[in-house]
Every structure is written in structure tokens, then in C-alpha cells.
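Residues per chain, in single letters:
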Amino acid sequence: MLSHVHLPGSAAEAADLLRNGGWLVGGGTVVMPRVNTGAVPVDSLVSLRRAGLDDITVDGRRASIGAAATLADVGEHDALAFLLPVIRSIASPPVRNLATVGGNLVVGQPYGDLAVALLALDARVEVLGADGVREVGVAELTVGGAEVLTAVHLDVPDSGTWFYRKAMRRRHNSAAIVTVAAVVAVGDGVVRQARIALGGLAPRPVRAPAAERVLLGQPFDRPTVEAAASAARQGVTPLDDAYASAWYRDRVLPVHVRRALLGED
Amino acid sequence: MARLFGRGYAAVNYPTGMNLGGDPSQALIHATTTGTFVISLSSVDLGQGLKTVVAQCAAETLGLPIENILVDTADTDTGPHCMGTFASRGTHRIGNAVIMAATEARAVLLDVAAEELEVDAADLETDGTGYVKLKGSEQRKIHITDLAMAAHFTHGRTISGRGVYMKDKSEVVPETGEMDPDSCQAHACTVAEVEVDDETGIVEVLAMYSVYEVGRALNPAMATQQVEGGAWMGISHALFETTEPYYPVRDHGPRDFTEYLMPGAGDIPVQHSVLLERPAATGPFGAKGIGEMTANSPIPAIANAIFDACGVRLEHMPFTPERVLRGIDELHAG
Amino acid sequence: MPSRIVTLTVNDADHELIATPGLTLLAALRDALGLTAAKRGCAQGTCGSCVVLLDERAVPACLVPVETVDGAAVRTLEGVAAGGELDEVQSAFLDGFATQCGFCTSGMIMAAEALLADNPSPSRQDVVEAISGNVCRCTGYEPIVAAVLDAARRRAGRTA
């Protein structure tokens, strides 16, 4: 039974309140279903709606996104148009009008496709804790009970270097079977930079280092991509869930990596 | 790596209503003093359009515009008894009961009009716009609003009627096994066209063709809705829905409408539907039931289309991408 | 258990209501204000039957703690018909047989209103995405998609 819904005016105030217990609420898409079924183990909620964490600024190539900015806010920002396919692949417009960037970073896979994209973008995440602000990468991100994500920083990739594909059981509003996000930059006819992030395969987004190594220094062509796609399976132990089995995810992972990088349907 | 096209079909016969110990429904009709005809029922319109269909049956029988009909339904404390709206029985049972009630009400209507116009009831007709008139005359007529008023305040008559339709229980003839549990049967055939992605096992239904023989399509738009909404449900059952994705293991049962998979507006085929009519002797204006059957034949049609596309014969629903891929693997191994 | 007084402007009328902690916008609309067009379908934000407009954005009302939206403007289906006359979306749904049991209809119409306010000439794909958060069990979606496209044409005809 809830006894309090707090509306702090800043991240610091939110972190303070959380030291007394309670759950942080961003868009409410994960917390409110629990509240609605009466099954919350806490007696207070700390809402980030008024905490001033929803600004989005893009300065040249550098983008800073407030952790409480909604997915819709990100999708509507002109300078972040490359992220629109990511945003559109997540849930549905009404949910995207509430769901926050911070929430998407902490929800477990097979949800959290923006987190997969942010991992591929080598984004840095700001976390406010008892000892002040620290900055971590998406792969290492853990959030303590009294900590608040405040912002995400990333570089907008050069045109033609961004690849994204989310395989789902239906065309819209469904969780990831496999999500592939990649930044692949080519120079002098060969791959100079490759960051491939995968979702739907583990509790958190993961990089695909073996696939990245196959690409580096090679022409960015079909044979190379097919080899990289096969290599993507190394070190991955997918999960069973209501959407797909581990067997299936492992089986189609190379297909979707290949289709993502070659721009196939 | 290919997208494989396949086509398959299936047909279904489906009975109307129940056998049980008899399958009855009742209806009452009475006119208000302003010429509205109230159909009292305790039958439920769950969105299938029963209220519209019975209003049509009443208007047609009474010879009045449908705007004069008011359907008052679903109060089981006070309404005339109905077994319920299930078993595809609504149009047939309740439609027939309403026609019977409207027939009796029409007789009273003409009787009162005959007194008002000082003619024989047998020489009267309704023109469908609200008038009762002497056949062959344009002057000797009376509007239903005036007639209803006159019935109540001048003649002390109620323009009303009672109806019931019961399908008698059919017993089996022990020597031969013959029986007649169905009032009538509707028939359908579905053709499904699919595309199978042989790298992912994903089956997409591109088009669905449905032909339904329904006795009489009392409301063709609504009957088509039933066909196409049901086809969607068939596709959903065939390819998506399960409460136990790892049956007989019970793990990972879906907990909300994102985990419980159903196709959305982005996953639907183009549908082409045709209604055929061979009126049933027992049906209201010949209509048969068309309810549950619409989710049936799409499922085996899709199974057959998958087989046509890639040679995989699936017998367990849903026909998930994994089942298709495992089937393709088995074919290559064998 | 401290309750808070929350002010909402719903369908252009101001309302003050008492919010117990965790009370959702959906519960406030249905139970406190008697606006029952928005439906309780799943309480998890996954069926779309509770979608309303919150500061002109379509949201699942069951996911919004009403205390966090004090002062906001809400539009429900009850506030769509202007002066008692059905608007283009409502008329298109009626004429196009785009409703059967009606449970999804409120959420569908509000999602469509949000779409058309933002994008007056949507493509079919735009409509499909706009309603991708709304589950329908009866119609198979096609009549709904057709009705929204029809509504867009009607509205364009009216303002042309």
C-alpha cells in the first residue's frame, strides 16, 4: 500500500528521498503495473516528472539527453533523426510518450532497445549517488537503490555508419528476439571502426567482440559481413522467454546481424 | 535464403444453435403511444450486432422504417427468457422469436388501422415509410404515430405481440444413429496465401480469401465483419497465441498483452470475402448462424499453405517461427 | 496515508479531486469524475483501452500517477464531440463499422485524434503505427485503419 508519491524538483532531491527507501518512477511503464496489481514492496514512489531531467541538447556532434526525457522527445528531436528507427521499434506511441531514456537503460532485456543502441554508440551514462556523480558505459551500468540516472552523452555517428535492426515476433510493439545496433566506419576501403551491440540475448545489452574483430581491417562486403555474423554467436548464451527460445535466438542471431549490416529486409 | 510462397485451403461446416434439452428464446414487442416499437429481450448484444439484426427483422415484418424500432435488451431480471448468445444461435433463435412477435403485432396494427380507416384489414398494406394504407389508394392512409395514439386512447387496444422460437430436442434413432441436432449448417471455405522466410521461420499471411454460405446475409456489412474479424482470430491462433509457449513445461507463460502475442494492424493480410445465400428453411428470412465458425477454417488453411510453401507439416499450434525452422531442418536432414 | 488535492482540466472543464497515493489518472477519470469511456483493460499499459490525451499526447492513463500531473489538461472521448455533434473520427468509425464490442473504441479514437492533430494526412503505415498500442479482438483492425484514413479525408475536406 503506497503512502507517498514524491515529486522532487531535482535529481539531488530525488536521491535524498530514495535514501529513505521507495522506488524511482520515470514513465511508470514498469513501476505502475506493479502498483496497479497491489504488489509493490515499497510504500513510496519518487517521480522524476518535475526533476528537470528531460532536456535534450545537441552541440555539433555531441548530444546530451536527460535521463527523464521521454522516448517520444528523443524521436522528435531533429538532430537525433538517426535514432528514430530505434524509437519507433520500441512499444507504441502512447507508451513512448511516457517511457524515459533512463528507464530504457535499466529495464532488463528483451526490453531496452535504446540501451542496445546506446551501447553501440559508446554512450556515457551519468549516475548521481551518495558520493556524487560518476560516469559509466552502458555495459557496466548498475544503479544502486538510492541512485538516480541523470543524463546520457553520446556522439552522433557519421552518416552511413549507423546500423540498427530489431527482430520481433510482430511488426510493431513487441520485445526483441534479437536487436542489433552497430557503428561501422569505413576508410580507405576497409573497416576502421566497428562497434556491434546486441539485445534480446542476455539480461543486459552486450557487445559482439568476435564479430567486430572479423570486420576490422576487411572490406565491408557480403563475405566479410557473413563471417562477422557467424562470429557474433561466440560468447552469447541467449535466454528462453515468452517471445522466443534460446535455441531460436541463437539460430537467427547471425541472420539478423547480416541483415542489419547489409541493409536487407 | 528465400521467401517461399504457399497457398492452402480448408473448409468447414458449422451448426447453428444447440440441441441440449431444447433451445428456446423469447421476445416481446409493444408499441408506444408515439409509434415506436419496443422489442423486449434478455438477449445480449456483445458487439456481434444482434440488436441491429433483430431490429431489421422486426422492421421488415412490421413493414415499418427501422427508425421506429427500439431494442431493449439484456435485463435478465425482467426480460423474456433467452438461453444466451453463444453457439452461433442469436440471429436464428432470437430473430425467429422477434419475427413471431412482430407478426402478431402487425396483425393488431392492421386491425386497428382497419377500424380507423373503416376498411377491411385484408385490404391494407404498409408502405415501409411509416404509413398503413388502403391498397391502390394514396388518400386512405394513416401514419403509425397517429395509429398508435388512436389504438391507445380511442380503441383501448395494445399493438403488441409475443414470440418464442424453440429448437426441439432431437433424440438419436438408436437403430441407425440418425439425429437432427442442427437447425441448419453454414458452410465456408478459406484460402490462405503465405510467405515463409526460410532463414527465420517467420510466416506472414499475405492474403486470405473467404467464402461463407450463410443462408441469408441479413446485414451483409456486419456478416462480412464477422468473417474478417474471425479470420484475424484464426490467424492469431494459428501463428501467435499460446498461454504455454513451452508446453508441457509451463515456464514463461505470458503475463500481459505484450507477452501474449497477437497480430497487430501491421501484421494483417489483405482479405477478400464473399457471402453466398442458400436460405435455410428454419432461419429468420432464411438466415443461418455465423458466429464461432469464422475462426476455424483459417487455421488449417494456413497450415496447408505453410506445407505448400516449404514442405513442413505442422500439427501443433501456434505455428511459431521455431517450429517452422525445426521442420525445415528435419526436411534437410532426411 | 496523506492524500493530495489535484487539479485537472478535463475536456475544458476544471476539476479538483482528492488523490490517494498511487491513484492513477484512469481511476481519477472513471471513478472520481464518472468519465467511463476510457476502459480498464489490463492495468499494465499494454492493451490501449485506457488511452486518453494528456497535454495533447496520447498516453495509457493507467500508468500515470495522477499526483504527478497536477495542473495538466486531459481530453477523453467524452470531450471529442463538439456541441453534441460527432467529429470526423467518430463519424468515420460509425459509418465504417469500425466497432463491434466497443471496448477498444475509446482508446482507438483517442490514439487517432492524437495522430491527426500531429499529422493531418497520414499514410496507412502512419495509422498502423499510431494504433499499434491498441488491442482489438473483434474487427481484425482493417475497418479501424480504414476509418482513421477516412476521417483524415473528411477533416481535410472540411478545412479545405
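Residues numbered from 1 in each chain as written. Chains lettered and ligands numbered in written order. Predicted model: local features only at pLDDT ≥ 70, side-chain atom pairs only at ≥ 80, totals over all residues. Heavy atoms only, no water.

1. Looking at the overall build of chain B
Operational definition: By definition, any uninterrupted DSSP run of H or I lasting at least four residues is a helix, any uninterrupted run of E lasting at least two residues is a strand, and each is numbered from the N terminus. Three labels apply to residues, based on accessible area from a 1.4 Å probe with only protein chains included: buried if under 20% of the type maximum, exposed if over 50%, partly exposed otherwise in between. Residue contacts are defined here by distance: any two heavy atoms, one from each residue, within 4.5 Å place the two residues in contact. For every accessible area listed, the method is Shrake-Rupley and the probe measures 1.4 Å; residues are considered covered only by the protein chains on display. In this tally Asp and Glu are treated as negative and Lys and Arg as positive; neither His nor the chain ends contributes. Each charge is placed at NZ for Lys, CZ for Arg, CG for Asp and CD for Glu.
Regarding its fold elements, chain B presents 6 helices and 11 strands. The burial tally for chain B puts 52% of its 334 residues in the buried class. Counting contacts in chain B only where the partners sit at least 6 residues apart, residues at least 24 apart contribute 72% of the total. Total accessible area computed for chain B in this model is approximately 15100 Å², and 52% of it derives from carbon and sulfur atoms. With 22 positive and 45 negative side-chain charges, chain B shows a spacing of 4 Å between the two charge centroids.

2. Observations regarding the overall build of chain A
Quick reminder of the rule: Taken over C-alpha atoms, the radius of gyration is set against a globule rule of 2.2 Å times the number of residues to the power 0.38.
Scanning chain A for helices and strands turns up 10 helices and 12 strands. Expected size for 265 residues packed as a compact globule is a radius of gyration near 18 Å; at 19 Å, chain A falls within 12% of this value. Expressed as a percentage of contacts within chain A between residues at least 6 apart in sequence, the contacts between residues at least 24 apart total 57%. Element-wise, carbon and sulfur atoms account for 50% of the exposed surface of chain A, whose accessible area totals about 10200 Å². Put simply, chain A has 26 plus and 27 minus side-chain charges, and the middle of one group is 8 Å from the middle of the other.

3. Overview of helix α6 (residues 321–333) of chain B
Heads up, the condition is: In this analysis, the expected span of each helix is defined as 1.5 Å times one less than the number of residues it contains.
Compared with an ideal rise of 1.5 Å per residue, which puts 13 residues at 18 Å, α6 of chain B spans 18 Å between its outermost C-alpha atoms and is within 8% of the ideal. Buried residues of α6 of chain B: P321, E322, V324, L325, G327 and I328 of chain B, and no others. Buried residues along α6 of chain B sit against α10 (246–262) of chain A together with β9 (185–197), β10 (203–213) and α5 (298–310) of chain B.

4. A few points about the pairing of strand β4 (residues 56–59) of chain A
A regular strand places its side chains so that they alternate between the two faces of the sheet. All names here are of chain A. Here is the rule: Only strands that DSSP links by at least two bridges are regarded as paired with each other.
Across 4 bridges, β4 lies against strand β5 (residues 62–66) in antiparallel orientation. Along β5, the bridge assignment pairs I56 with I65. Count of turn residues in the β4/β5 antiparallel hairpin: 2 residues, of which G60 carries a positive phi of about 65°.

5. Here we look at unusual backbone geometry
Omega for the peptide link from Q109 of chain A to P110 of chain A comes to 10°, which places this bond in the cis form. Inspection of the secondary structure assignment puts P110 of chain A in the loop between α6 (101–106) and α7 (113–120). In this model, Y247 of chain B is joined to P248 of chain B through a cis peptide bond whose omega is 5°. Take P248 of chain B: it is sitting in the loop between α4 (220–239) and β11 (270–276). Its identity as a non-glycine residue notwithstanding, D122 of chain A has a phi of 60°, on the positive side.

6. Details of the interface of chain A and chain C
Accessible area lost upon the coming together of the parts is a frequently used measure of interface size. What counts here: The term buried area refers to how much accessible surface (probe radius 1.4 Å) is lost by two components on association, counted for both of them together. When a carboxyl oxygen of Asp or Glu is within 4 Å of a side-chain nitrogen of Lys or Arg, the pair counts as a salt bridge. Three classes are used: nonpolar for Ala, Val, Leu, Ile, Met, Phe, Trp, Tyr, Cys and Pro, charged for Asp, Glu, Lys and Arg, and polar for all others, with Gly counted as polar.
Tallying the contact residues gives 30 residues for chain A and 29 residues for chain C. Across the chain A to chain C interface the summed buried area is about 2400 Å²; carbon plus sulfur atoms make up 58%. Broken down residue by residue, the surface that chain A buries against chain C is led by V5, P94 and H172 of chain A, which jointly contribute 22%. In this assembly, chain A and chain C are joined by 2 salt bridges. Sorting the residues of the side of chain A that touches chain C by element identifies β1 (4–6), α2 (31–36), α3 (71–76) and α5 (93–96) of chain A as the ones contributing at least two each. Its residues placed into classes, the side of chain A that touches chain C shows 13 nonpolar, 11 polar and 6 charged.

7. With respect to the sheet that holds strand β4 (residues 69–72) of chain B
All names here are of chain B. To keep it simple, the criterion reads: Angular values range over 0 to 180 degrees, each being the angle between N-to-C directions of two axes fitted as lines to C-alpha atoms, with helices fitted over their stretch in contact.
Spatially, β4-β3-β2-β8 is the arrangement adopted by the 4 strands of the open sheet, whose pairing is mixed. Edge strands, defined here as strands with exactly one partner in the open sheet, are β4 and β8 (160–167). Adjacent strand axes in the sheet meet at a mean angle of 20°, parallel and antiparallel pairs treated alike. Examined bridge by bridge, strand β2 (residues 23–31) and strand β3 (residues 37–40) share 4 bridges and lie antiparallel to one another. Each residue of the ladder has a partner; that of L28, found in β3, is S40.

8. Structural notes on the environment of A260 of chain A
Residues and elements named next belong to chain A. Counting through the fold element by element, A260 comes out in helix α10. Overall, A260 belongs to the buried group, its relative accessible area being 7%. Taking the C-alpha atoms as reference, A260 lies 26 Å from S64; in sequence the two are 196 residues apart.

9. Re the sheet that holds strand β1 (residues 4–10) of chain C
Residues and elements named next belong to chain C. The 5 strands lie next to each other as β2-β1-β5-β3-β4, forming an open sheet whose pairing is mixed. Edge positions in the sheet fall to β2 (13–19) and β4 (57–60), since each has one partner strand and no second. Going across the sheet, the axis of each strand differs from the next one's by a mean of 40°, ignoring polarity. Bridging between strand β3 (residues 51–54) and strand β5 (residues 73–75) involves 2 bridges; their strand directions are antiparallel. The residue bridging L53 from the neighbouring strand is R75, located in β5. Against the sheet, helix α3 (residues 105–118) engages β3, β4 and β5, with an angle of about 35° to β3.

10. Let's talk about the domain arrangement of chain A
Note the following rule: Here the bounds of each domain stem from an automatic or database domain assignment.
In terms of domain boundaries, chain A breaks down into domain 1 (4–47), domain 2 (56–155) and domain 3 (162–262). If you average the C-alpha positions of domain 1 of chain A and of domain 3 of chain A, the two centres end up 35 Å apart.

11. Overview of helix α1 (residues 50–62) of chain B
An α-helical turn contains 3.6 residues, so a residue and the one three or four places further along point in the same direction. Residues and elements named next belong to chain B. Compared with the 18 Å implied by 1.5 Å per residue over 13 residues, the 18 Å span of α1 between its first and last C-alpha is a close match. Residues of α1 that are buried sit in contact with β2, β3, β4, α2 (90–117), β5 (124–126) and α4. G63 lies just past α1 and shows a positive phi near 80°.

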